[in-house]
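# Report on the structure
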Amino acid sequence: MGEPEPDDAVVTHAMMIAALNQILGECGYPPVADDTADHLIEEARSRADGIVAAALQTAVQYTDAALEQAARTVLSARRTAADLPAPVPLASRPAPVGQGASAGARWLAAATAAGVYLPLAEPVATRTLDVYAHCLRDAAAAAPPDADAAYRIGLDVVALGVARPEALSATMGVVLDHLGDGDVLTPPAREVAAAFAAGFAAALQARTLAQQESLHRATQRAARDFQVALQNSEARYRRLAFYDPVTGLATKARLVQRLRQAANTTDARRHTGLCLVDIGGYPAVCEQFGAEAGDHVLTEVARRLRAVAAHPDYLPARHGSHSFTLLVQDSGGLVHLADLAERVSHVLAEPASLPGTSLSAPLAAHVGAVDVASGALDPARVLVDAEIALRQARAGTSGWAVYDSRPGGAAGGGASVTGLVTGPATYQPIVGLKTGRVAGLHARMLWRHPHLGTLDLAKIGQLTGDRETTTRLAATLVQQAGRQAVQWDGSGAGPFVGVDIPLYQIGYPDAVELIHEALTVTGLPPARLHLYLSGLDAVPAGEHSLTVLTAVAELGVRLVLDDFGTGFSSLAYLRELPVHGLRTPAALLHTTPEGTDADRSLLSGMARTAHALGLTLTVHGVDDDLRAAALFGTGCDGAQGLRYGAPATPHQVPALLRRTGPLLAAS
């Protein structure tokens, strides 16, 4: 017979002793005998049993305390409910549940009485709670009691919706009645009930914390929304305060703000300019067509001003009911402002169409410009100076005027012309289209100013407003041109000289005297002197203008209206003014091969109109072959431009006149 198999307990004991000696050997201690090892193992088991017993006793104590607290809560709630009057109508009370009803039905009735509303149909809620009650009983009947399952049921009940603190006492009453055997509550039932209460309380606390966190996030979100709404509101009010709702331009408040910002500069060389624009045709439009048509006109003016003020240094703004401003934060001086005012006048010269009609309304715009050093800028004073310049523009004929408020300025508020240097005169040939030969010479003279740059005679008169200075410089120009013409060819058959003279700035009788004196001093035949006026819009048909032009025409000088076909070129003026010829810019042409026929038709119509009134028609600015080709067969009398010759010095003109061949083929 073989050896009996060793007992499992003996093997386990031997293995434990071997493992103990191995651990002692690894730690450097000598092995122990079997009896010593037995003693150590028994001591360890005793200590472990003591720890487990103490843990169980502590758990029972905490469970008893929790159940006692729950019982006190239930009793307190029952006493309070018994003492208070019924707060709800009889119809809203839950139906009484009999003693034979299921645990789920009693649980639902108790929760409903505590104010709990479950988002479930009553049969579904009853069955669900009944399942939870049976699970709790099963957990109490398990060996050992399944406290974890009871804890999870407590969590699930709160997740189901039984989450009111008032429902805890009612729930615990139902749970204790369900788990107890009559009035006896066994320790396993007490442990399960305690675990259920702990899960219920933990879920309720987590739910409360989640609600608090949600409330906190909602509060933060509401604060952020309020901040954004406040910022949007401030932006909207700032928009209403700083931008006009009709035109979309800046308001006067925004303009004054930018003027104050410009006044804070420390750079003494920086200048700030302001153009004040008045739309004289606006009141008539509102009277005849209503406020809506007036708003349309203002919107159109704003659109054109934006086109001019595309630079970021410019700020177009609405100044009044029918006035606008154009702020230049970094102005280049009076010449810069004069050029800007002239451009504004040009873009506002075209009438504005009226919505819903085929009519258009003249804007009758006037521009007053002022320039001031940014360091000495006073916003209120700048606006007053702009009003002064605007009054000067209304009184003049160019549509715009500048005002210089500096102490060194000329009388009348214009810019000082002290330091002007006369530049050399140039002469550009004017070709007769029938002969192809030089018929005349357009004389031009420029003056250089140390601060204002290069100026012509018209610009000097507009900037200074000084009639005496303009008259003196005009006399110099006419006399020099007359002397040159006599030197080139003293006979009466020589080419004429055309001179740009702003007669409307000089007035009567100074204009007549300077022309008469120039003809007498130079000996130039009056018919060889052509005076170019700056368009019909600059020479309105008025008593004063007619007096000046008539007196000059009686000297035998030929008057030519420049830039005919642009601006307000009323044909009625041509029948009243004593003029002899017209000049039109080649810029009216399309300058494309496809548009040549249309250009010829346009020029032919203008030539027939001029000839019907006994006038000549000259096209200037013909700088290329395409424009020159459009002139053939139109009936125009003359042409001027780089195509026929660049401006020449007085010493180059004789060679030009001695040429035997034509400058172009005769038409």
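First, a word on what this report is: a plain description of the structure on this page. Predicted model only: the values in this text are computed from it and were never measured. (Residues numbered from 1 in each chain as written. Predicted model: local features only at pLDDT ≥ 70, side-chain atom pairs only at ≥ 80, totals over all residues. Heavy atoms only, no water.)

### Notes on the nonpolar core
Proteins that are soluble and globular tend to have nonpolar side chains buried together. Note the threshold: The nonpolar core is taken to be a set of buried Ala, Val, Leu, Ile, Met, Phe, Trp, Tyr and Cys residues, with the residues joined through side-chain atoms within 4.5 Å. Between buried and exposed lies partly exposed: a residue is buried under 20% and exposed over 50% of the maximum accessible area for its type, with that area taken using a 1.4 Å probe on protein chains only. Numbering of helices and strands starts at the N terminus; helices are DSSP runs of H or I of at least 4 residues and strands are runs of E of at least 2. Should any heavy atoms of two residues lie within 4.5 Å, those residues are counted as being in contact.
In this structure, I279, V344, I501, L503, L529 and L531 are the most contacted members of the largest nonpolar core, which totals 101 residues. Sort the elements by how many residues they give to this core and helix α14 (residues 467-488) lands first, with eight residues. Beyond its immediate stretch of four places on either side in the chain, L531 contacts V499, I501, L503, I515, V552, V557, R558, L559 and V560. The next biggest cluster of nonpolar side chains, apart from the first, holds 38 residues, and it includes A110, I153, L179 and L204.

### Re the packing of aromatic side chains
For clarity, the threshold we go by: To pair, rings of Phe, Tyr and Trp, with the six-membered ring standing in for Trp, must have centres within 6.5 Å; the planes then decide the type, stacked if under 30 degrees apart, edge-to-face if over 60, and tilted in the middle. Only Lys NZ and Arg CZ are tested; either one counts as a charge over a ring when it is within 6 Å of the ring centre and within 35 degrees of the ring normal.
If you walk through the whole model with that rule in mind, you get three aromatic pairs. Ring centres 6.2 Å apart and planes at 45 degrees place the aromatic pair F196 and F200 in the tilted group. Of this pair, F196 and F200 both sit in helix α7 (residues 187-242), four residues apart, which is roughly one turn of that helix. Judged by relative accessible area, which is 0%, F196 ranks as buried. For F200, a relative accessible area of 0% translates into the label buried. Consider the rings of Y427 and W488, whose centres lie 4.9 Å apart with planes at 90 degrees: the pair is edge-to-face. Within this pair, whereas Y427 is found in strand β9 (residues 426-432), its partner W488 is found in helix α14, the two being separated by 61 residues in sequence. For Y427, a relative accessible area of 1% translates into the label buried. Judged by relative accessible area, W488 falls into the buried class, the value being 17%. Connected via pairs of aromatic rings, a cluster forms that spans W107, F196 and F200. One residue, R254, lies across the ring of F242, its end atom 5.9 Å from the ring centre. When the ring centre of Y532 is taken as reference, the NZ or CZ atom of R583 above it lies at 4.3 Å.

### A closer look at the pairing of strand β3 (residues 323-331)
Short version of the rule: At least two DSSP bridges between two strands are required for those strands to pair.
For β3, the tally of buried residues reaches eight of nine residues, placing the bulk of the element in the interior. For strand β1 (residues 271-279) and β3, the ladder comprises seven bridges, and the chain directions are antiparallel. Bridged to G273 within β3 is V328. The pairing of strand β2 (residues 314-318) with β3 spans five bridges and is classified as antiparallel. Bridge pairing in β3 links P316 to L326. Connecting β2 to the antiparallel partner β3 that follows it, the hairpin turn spans four residues.

### Details of the sheet that holds strand β17 (residues 616-620)
To be explicit about the condition: A fitted line through C-alpha atoms represents every axis, and for helices the fit uses only the stretch in contact; the resulting angles, taken between N-to-C directions, go from 0 to 180 degrees.
If you trace the eight strands once around the closed barrel, you get β9-β10-β13-β14-β15-β16-β17-β18, paired in mixed fashion. Averaged over all neighbouring strand pairs, the angle between strand axes comes to 30 degrees, with direction disregarded. With five bridges joining them, strand β16 (residues 581-585) and β17 adopt parallel strand pairing. Within the sheet, the bridge partner assigned to L582 lies in β17 and is L617.

### What to know about the pattern of salt bridges
Side chains that differ in sign of charge can pair as their charged atoms come close. Basically, it comes down to this: A pairing counts as a salt bridge when a side-chain nitrogen of Lys or Arg comes within 4 Å of a carboxyl oxygen of Asp or Glu.
The full count for this structure, using the stated rule, is twelve salt bridges. The shortest N-O distance in the salt bridge between R381 and D385 comes to 3.1 Å. Placement of both R381 and D385 in helix α12 (residues 379-395) is noted, with a separation of four residues, approximately one turn of the helix. Each of E300, R303 and R304 takes part in salt bridges that share partners, so that together they form one network.

### Brief notes about the pairing of strand β14 (residues 529-533)
Most of β14 is tucked away, with five of its five residues classed as buried. The alternating pattern of β14 places L529, L531 and L533 on one face and H530 and Y532 on the opposite face, and all of these are buried. By the bridge criterion, four bridges tie strand β13 (residues 496-500) to β14 in an arrangement that is parallel. Looking across to β14, one finds that V497 is bridged to L529. Here four bridges tie β14 to strand β15 (residues 558-561), and the two strands are oriented parallel to one another. Paired with H530 across the bridge in β15 is R558.

### Comments concerning the sheet that holds strand β7 (residues 400-403)
Sheet architecture is open: five strands sit in the order β2-β3-β1-β6-β7, paired in mixed fashion. Because the sheet does not close on itself, it has two edges, and the strands there are β2 and β7. In this sheet, adjacent strand axes meet at a mean angle of 15 degrees when their direction is disregarded. Sitting on the sheet, helix α11 (residues 334-347) is in contact with β1, β2, β3, β6 (365-373) and β7, with an inclination near 160 degrees to β6.

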